[in-house]
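# A look at the structure
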Amino acid sequence: MTAPNDPADPLARALARRELLRRAAAGTVVTALGGGLWALAGEGLIRSARAETRADGRPRLPPGQRLITSLKPMGGTPGDPSRRNWRLKVHGDVAKPFELDFAELLQLEQVEQRCDVHCVTGWSVLGAQWKGVRIKDLADRAGLNKGVRHVIFEAAAGYTANVRLEDALAPTSLVAYEHDTRPLARPNGAPVRSLVPDLYFWKSAKYLTGIRFARRDQRGYWEERGYHNHADPWTEERYSYQEG
Ligand SMILES: Nc1nc2c(c(=O)[nH]1)N[C@H]1C(S)=C(S)[C@@H](COP(=O)(O)O)O[C@H]1N2
Ligand SMILES: [Mo]
């Protein structure tokens with residue numbers, strides 16, 4: 001179990017507290033979006049998130065982002081939500097490809113962390129809790145062949161997202177099945193999604209079915225549709241036309 005970020009997370013707590021006060025006082029502070037209610041955070045908190053510095057020296061809130069208090073379901077075609085039926089294929093350019101079911105996933109080292117996520121449409125959620133297994137541990141078990149540089153997340157209905165190997169192997173990059181102490185909700189990717197918090201959130205594939213390790217890169221669903229191949233929120237790698 002690890003908590004790379006400060007588990008006390010005063011900023012996320014302050015945000016939640018402030019939202020409660022705002023809702024109670026005004027009743028008009030929420031905006032209806034995508035069928036749910038999403039509160040927009042006040043300017044003061046946005047300023048503190050900008051002022052706060054992460055352990056890696058970067059600002060807590062990447063440029064061009066605003067805060068909301070909980071994940072906004074962004075759609076996509078769901079797969080079978082049942083944990084019992086779930087299988088993950090770990091394959092590609094590896095020595096020992098394998099398949100994992102949910103019970104086997106729970107046998108591996110479990111990681112619980114708080115981290116921030118950033119959607120390219122402009123919202124960020126700070127300090128949410130996630131539980132899962134490190135992608136690094138799955139890679140170690142599969143045994144990457146020399147020259148592997150890329151990882152392709154495979155999901156239900158053919159959704160894919162590609163990330164650089166170094167981003168996938170970061171200690172905060174997980175195969176996640178729990179969010180804010182609850183089983184991952186269906187709109188957020190049940191039963192299991194990938195989580196690469198330091199890239200824009202489309203790289204975190206919901207309804208995960210496979211992880212493929214590759215020497216050669218292959219653009220994923222959004223990367224083929226005009227979005228940036230790397231997707232670093234701090235340098236605002238949003239669109240493919242920005243690629244060097
Ligand atoms: N399988 C799948 N995963 C997906 C998507 C999708 O359409 N299908 N959308 C991506 C995008 S664009 C975002 S912003 C996040 C949204 O996650 P959320 O719906 O849990 O907020 O999931 C990503 N993962
Ligand atoms: Mo997105």
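Remember, predicted model here, so these are calculated numbers, not experimental data.

### Observations concerning the overall build of the chain
A tally of regular secondary structure across the chain gives five helices and 13 strands. Across the 244 residues of the chain, 48% fall into the buried class. Intrachain contacts of the chain at a sequence separation of at least 6 include 66% that bridge at least 24 residues. Entry remark: accessible area of the chain is about 11600 Å², with carbon and sulfur atoms responsible for 52%.

### Considering the confidence of the model for the chain
Taken residue by residue, the chain gives an average pLDDT of 87. The fraction at 70 or more is 82%. For the stretch residues 1-7, pLDDT sits under 50, and the model shows 14 contacts to residues farther than four places along the chain or on other chains. Between residues 24-39, whose pLDDT stays under 50, and residues either more than four places distant or in other chains, the model counts 26 contacts.

### Side note on the nonpolar core
Of all hydrophobic cores here, the largest spans 30 residues; its most connected members are Leu88, Leu105, Phe153, Val175, Ile211 and Phe213. Broken down by element, the residue count for this core peaks at four residues, all from helix 4 (residues 135-142). Leave out the neighbours within four places in its chain, and Leu88 touches Phe98, Glu99, Leu100, Leu138, Val175, Leu208, Thr209, Gly210 and Ile211. Of all hydrophobic cores here, the second largest spans 15 residues; its members include Ile68, Val125, Ala128 and Ala176.

### A look at the environment of Pro171
Position of Pro171 among the secondary structure elements: in the loop between helix 5 (165-168) and strand 10 (174-179). Judged by its relative accessible area of 54%, Pro171 is exposed. Spatially, the C-alpha atom of Pro171 lies 8.2 Å from that of Ile135, the residues being 36 residues apart in sequence.

### Describing the packing of aromatic side chains
Taken as a whole and judged by the stated rule, the model has ten aromatic pairs. Both rings, one in Phe102 and one in Tyr177, keep their centres 5.3 Å apart while their planes meet at 80 degrees; by these two values the pair is edge-to-face. Highlighted residues: Phe102 in helix 3 (residues 102-107) and Tyr177 in strand 10, separated in sequence by 75 residues. Classification of Phe102 by relative accessible area gives buried; the value is 6%. Through successive ring pairs, a cluster of aromatic residues spans Tyr159, Tyr200, Trp202, Tyr221, Trp222, Tyr227, Tyr239 and Tyr241. Cation over ring: Arg58 sits above Trp234, and NZ or CZ is 4.1 Å from the ring centre. Here Arg225 stacks its cationic end above the ring of Tyr221, 3.7 Å away from the centre of that ring.

### Side note on the site of ligand 1
For ligand 1, the set of nearby residues contains 19 residues, the closest of which are Lys72, Met74, Asn188, Arg193 and Lys206. One of the backbone nitrogen or oxygen atoms of Met74 is found 2.8 Å away from an oxygen atom of ligand 1. Contacts to ligand 1 include Lys206, whose side-chain N or O atom sits 2.6 Å from an oxygen atom. Coverage of ligand 1 by the protein amounts to 94% of the 530 Å² it exposes when considered alone.

### Brief notes about the pairing of strand 9 (residues 160-164)
Two strands pair when backbone bridges link them, and strand 8 (residues 150-155) and strand 9 are joined in this way by five bridges, in the antiparallel orientation. The residue bridging Glu154 from the neighbouring strand is Thr160, located in strand 9. The turn linking strand 8 back onto strand 9 is made up of four residues, and Ala157 within it adopts a positive phi angle of 60 degrees.

### A closer look at helix 4
Within the sequence span of helix 4, burial applies to Ile135, Leu138, Ala139 and Ala142. End-on view of helix 4: buried residues confined to an arc of 100 degrees, all on one side of the axis. After helix 4 finishes, the residue Gly143 shows a positive phi value of roughly 75 degrees.

Criteria and thresholds
- The residue count restarts for each chain, going from 1 along the sequence in the order it is written.
- Going through the entries in the order they are written, you letter the chains from A and number the ligands from 1.
- At least 70 in pLDDT is required for a residue's local features to be given in this predicted model, at least 80 for side-chain atom pairs to be given and counted, and no such filter applies to totals for whole chains, interfaces and linings, which use all residues.
- Side-chain figures throughout are based on the complete set of non-hydrogen atoms in the structure, without hydrogens or water.
- To qualify as a helix, a DSSP run of H or I must reach at least 4 residues; to qualify as a strand, a run of E must reach at least 2; elements of each kind are numbered from the N terminus.
- A 1.4 Å probe rolled over the protein chains alone gives each residue an accessible area, and that area as a share of the maximum for its type sets the label: buried under 20%, exposed over 50%, partly exposed in between.
- In this description, contact between two residues means that some pair of their heavy atoms is separated by no more than 4.5 Å.
- Accessible surface is estimated by sampling points in the Shrake-Rupley manner with a 1.4 Å probe; for residues, cover comes only from the protein chains shown.
- pLDDT gives the predictor's per-residue confidence on a scale running from 0 to 100.
- For our purposes a nonpolar core is just a set of buried Ala, Val, Leu, Ile, Met, Phe, Trp, Tyr and Cys residues, chained together by side-chain atoms within 4.5 Å.
- For Phe, Tyr and Trp, where Trp contributes only its six-membered ring, two rings pair if their centres lie within 6.5 Å, and the inter-plane angle classes them as stacked under 30 degrees, edge-to-face over 60, or tilted in between.
- Only Lys NZ and Arg CZ are tested; either one counts as a charge over a ring when it is within 6 Å of the ring centre and within 35 degrees of the ring normal.
- Any residue with a non-hydrogen atom lying within 4 Å of a molecule or strand is treated as near it.
- Any N or O atom pair separated by 3.5 Å or less is treated as a polar contact, with the protein-specific requirement of one donor-capable and one acceptor-capable atom, and with residues adjacent in sequence counted only for side-chain atom pairs.
- Following DSSP output, two strands are said to pair if at least two bridges run between them.
- Directions are taken from the helix axis to each C-beta atom, and the arc is the one they span.

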